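Tertiary structure, described
As a plain string of letters, each chain reads:
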Amino acid sequence: MNGEAVVVADGLAKRYGDLAAVDGISFQVGRGEIFGMVGPNGAGKTTTVECVEGLRRPDAGRVTVLGLDPWRDAQALRERMGVQLQTASLPQRIKVGEAVGLFASFYRQAADGNALLARLGLGNTRKAYVSQLSGGQRQRLFVALALINRPEVVFLDELTTGLDPQGRRATWDLVREIRAEGATVVLTTHFMDEAERLCDRVAIVDHGRIIALDAPATLVRRLGAEARVVFDLDGDLNAATLGVLDGVRRVEREGERVVVCGGSLAAVVNTLEADGVRFRNLRTEQPNLEDVFLALTGHRDARESGNPL
Ligand SMILES: Nc1ncnc2c1ncn2[C@@H]1O[C@H](COP(=O)(O)OP(=O)(O)O)[C@@H](O)[C@H]1O
Ligand SMILES: [Mg+2]
């Protein structure tokens, strides 16, 4: 991280009974960064972010946001920080326009609510009840509400969960726009690909701890993993003939999907053809953040599954 720290978390810890939900987490976020906390459901991301926002009190550790203490200086910070609401925190019988007006009234320096809705593609939903919105519209409304006070730092928690691929992409663009306008963004996600594409730096969180923290490309490079040749099988395969090719370290099989770690695409194709193996969807895959997570934790449950808290 270069330059001024907008968020400083130092030694954060939070227990729920016997569970160390956050177990000594430290990180800093620089001004203008998109910083991500990524990890499986239950890793402790939300608890960490809520401690940083001042919504939960950590058992130990220190936090500053924009140089302020989120507990002691809550009032001053509220004006300068944007927090994405959880679905449950809006009344059912409220209209979109009313929600925006209500939230704007909380702040001294509110943005123009109608302009904000229009920018988020919600201009024609102002008279609709929040409960009538689609998942994607609701997520965008929550972003609008988080931006209503023109915040310097915005916290977004699992912003794209429940969205279709198109909605996710649109949301990523929106996050980039928020940053381009000068805000610092702190987000959480259990999607490794999202963190990899969107974040300048990511903290990989597992069991309440940060197990790696850096730019996604740096983490992937440091892993030193080779590219893979992947294909789907139509029929049988003698994996041994692939296993002895130059550079091949491992051949994995999951159902009809075969993953050849290392080796060249040409050598794999030639071997398959020489052996008369029928295959589809042949491609190479570069190592990614998911591989980093797997290598560090030995488990794979960062993939989409379940409902994040
Ligand atoms: N209010 C709570 N009471 C008890 N346990 C909780 C509470 N909130 C979260 N937890 C537990 O703490 C752990 C971390 O949760 P959370 O911070 O929500 O993780 P994440 O956001 O990474 O999914 C989980 O095991 C979760 O069940
Ligand atoms: Mg969460």
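Taken in spatial order, the three strands of this open sheet run β2-β1-β4, and their pairing is antiparallel. Each edge of the sheet is formed by a strand with only one pairing partner; in this case those strands are β2 (19–30) and β4 (60–65). Each adjacent strand pair in this sheet contributes to an overall mean axis angle of 15°, direction not counted. Of the pairings in the sheet, the one linking strand β1 (residues 5–16) to β4 comprises five bridges and is antiparallel in character.

In this section: the domain arrangement of the protein chain. Segmentation of the protein chain into domains returns domain 1 (5–80 + 151–222) and domain 2 (226–286). Centre-to-centre, using C-alpha coordinates, domain 1 lies 39 Å away from domain 2.

A word on the side chain of Thr125. Relative to the assigned elements, Thr125 resides in the loop between α4 (113–119) and α5 (135–147). Within the local environment of Thr125, its side chain forms a polar contact with the backbone oxygen of Leu122, the two atoms lying 2.7 Å apart. Apart from the residues lying within four places of it in its own chain, the contact partners of Thr125 are Val96, Leu133 and Gln137.

What follows covers the pattern of salt bridges. Per the counting criterion, the structure on display carries 24 salt bridges. Here Asp173 and Arg176 are joined by a salt bridge, their closest N and O atoms 3.1 Å apart. With Asp173 and Arg176 both in helix α6 (residues 165–180), this residue pair falls three residues apart, about one helical turn. Ionic pairing is found between Arg228 and Asp291, a salt bridge with its closest N-O pair at 2.8 Å. One end of the pair, Arg228, is in strand β10 (residues 228–234); the other, Asp291, is in helix α11 (residues 289–297), and 63 residues separate them in sequence. For the residue pair Arg228 and Asp291, the accessibility class agrees, reading buried in each case. Bridged by salt links that share partners, the residues Arg228, Glu254, Arg257, Arg283, Glu285 and Asp291 form one connected network.

Okay, the packing of aromatic side chains next. Tallying each qualifying case throughout the model produces four aromatic pairs. Ring centres of Phe106 and Tyr107 lie 6.4 Å apart, and the angle between their planes is 70°; on these two criteria the pair is classed as edge-to-face. Judged by its relative accessible area of 37%, Phe106 is partly exposed. Among the residues examined, Tyr107 registers a relative accessible area of 16% and is labelled buried. An aromatic cluster of three or more residues is present, and its members are Phe103, Phe106 and Tyr107. Above the face of the Tyr129 ring, Arg93 is positioned so that its terminal group lies 4.3 Å from the ring centre. Arg168 extends its terminal NZ or CZ atom over the ring of Phe191, reaching a point 4.2 Å from the ring centre.

Cut-off values and rules
Residues numbered from 1 in each chain as written. Chains lettered and ligands numbered in written order. Predicted model: local features only at pLDDT ≥ 70, side-chain atom pairs only at ≥ 80, totals over all residues. Heavy atoms only, no water. Pairing = 2+ DSSP bridges. Helix = DSSP H or I, 4+ residues; strand = E, 2+ residues; numbered from the N terminus. Axes fitted to C-alpha atoms, helices over the stretch in contact; angles between N-to-C directions. Domains from an automatic or database assignment. Polar contact = N/O pair within 3.5 Å; in protein donor to acceptor, adjacent residues only side chain to side chain. Contact = heavy atoms within 4.5 Å. Salt bridge = Lys/Arg side-chain N within 4 Å of Asp/Glu carboxyl O. Buried < 20%, exposed > 50% of the residue type's maximum accessible area, 1.4 Å probe, protein only. Phe/Tyr/Trp six-rings, centres within 6.5 Å; stacked < 30°, edge-to-face > 60°. Lys NZ or Arg CZ within 6 Å of the ring centre and 35° of its normal.

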